[in-house]
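Coordinate inspection notes
These are the residues of each chain, in order.
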Amino acid sequence: QVQLVESGGGLVQAGGSLRLSCAASGSSFSINAIGWYRQAPGKQRELVAVKRSGGRPIYADSVKGRFTISRDNADNTVDLQMNSLKPEDTAVYYCNANIIRFFGGPSFDYWGRGTQVTVSS
């Protein structure tokens, strides 16, 4: 079984910064892609940023230039540095990883439990 554990988040004023971290743990797995989604009250879950193996980071238009995703392949971790936060960034942020358990096997999506980010105006 693979687990994703998030840390970070909290309450910050508009214009401030927060850093989210996610660590993947388990036995015998390989990460195809890992990143962050968010879900605001009454809205659908949406992609924030994702880092695929060997590829460039992909960002939602709403966070480009403000958020930076970084991935450590050795530690199976991914961080999201969030700067210039806005009230509309308020949401529960979820770590997501697309993982294969063995070479040539199928891939599955795993999710963390989520961490709350609240930006006050």
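Bear in mind that the values here come from a model prediction, so they are computed numbers and not experimental data.

**Considerations on the overall build of the chain**
Counting secondary structure elements, the chain contains zero helices and 11 strands. The globule rule puts the C-alpha radius of gyration for 121 residues at 14 Å, and the 14 Å found for the chain is close to it. Expressed as lengths along the three principal axes of its C-alpha atoms, the size of the chain is roughly 50 × 25 × 25 Å. Buried residues in the chain amount to 38% of all 121 residues. Residue pairs in contact within the chain that sit at least 24 positions apart in sequence constitute 56% of those at least 6 positions apart. Within the structure as shown, the chain displays about 6,700 Å² of accessible surface, and the carbon and sulfur contribution to it stands at 48%. Placing the 13 positive and 9 negative side-chain charges of the chain at their respective mean positions leaves the two points 3 Å apart.

**Details of the sheet that holds strand 7 (residues 67-72)**
One open sheet holds the four strands; their spatial order is 1-3-8-7, and the pairing between them is antiparallel. Lying at the two open borders of the sheet, with one neighbouring strand each, are strand 1 (3-7) and strand 7. On average, each strand axis in the sheet is tilted by 15° relative to the strand beside it, whichever way the strands run. The pairing of strand 3 (residues 18-25) with strand 8 (residues 77-82) spans six bridges and is classified as antiparallel. For Cys22, the partnering residue across the bridge sits in strand 8 and is Val78.

**A few points about the pattern of salt bridges**
Applying the stated criterion across every chain yields a total of five salt bridges. Taking the shortest distance from any N to any O, the salt bridge between Asp79 and Arg19 comes out at 3.1 Å. Placement of Asp79 in strand 8 and of Arg19 in strand 3 is noted, with a sequence separation of 60 residues between them. Among the residues examined, Asp79 registers a relative accessible area of 17% and is labelled buried. A salt bridge links Arg38 to Glu46; its shortest N-O distance comes to 2.7 Å. Judged by relative accessible area, which is 5%, Arg38 ranks as buried. In the salt-bridge network here, residues are joined through shared partners; they are Arg38, Glu46, Arg66 and Asp89.

**A few points about the side chain of Asn98**
If you trace the backbone, Asn98 turns up in strand 9 (residues 91-100). A relative accessible area of 19% means that Asn98 is categorised as buried. Reaching out from Asn98, the side chain makes a polar contact with the side chain of Asp109 at a distance of 3.1 Å.

**Some points on unusual backbone geometry**
Positive phi is not limited to glycine here, since Asn76 has a value of about 55°. By secondary structure assignment, the location of Asn76 is in the loop between strand 7 and strand 8. Given the relative accessible area of 23%, Asn76 is considered partly exposed.

Each value, and the rule that gives it
- Residues numbered from 1 in each chain as written.
- Predicted model: local features only at pLDDT ≥ 70, side-chain atom pairs only at ≥ 80, totals over all residues.
- Heavy atoms only, no water.
- Helix = DSSP H or I, 4+ residues; strand = E, 2+ residues; numbered from the N terminus.
- Rg over C-alpha atoms; globule rule 2.2 N^0.38 Å.
- Buried < 20%, exposed > 50% of the residue type's maximum accessible area, 1.4 Å probe, protein only.
- Contact = heavy atoms within 4.5 Å.
- Areas by Shrake-Rupley, 256 points an atom, 1.4 Å probe, with all protein chains shown as cover.
- Lys, Arg positive; Asp, Glu negative; His and termini not counted.
- Charge placed at Lys NZ, Arg CZ, Asp CG, Glu CD.
- Pairing = 2+ DSSP bridges.
- Axes fitted to C-alpha atoms, helices over the stretch in contact; angles between N-to-C directions.
- Salt bridge = Lys/Arg side-chain N within 4 Å of Asp/Glu carboxyl O.
- Polar contact = N/O pair within 3.5 Å; in protein donor to acceptor, adjacent residues only side chain to side chain.

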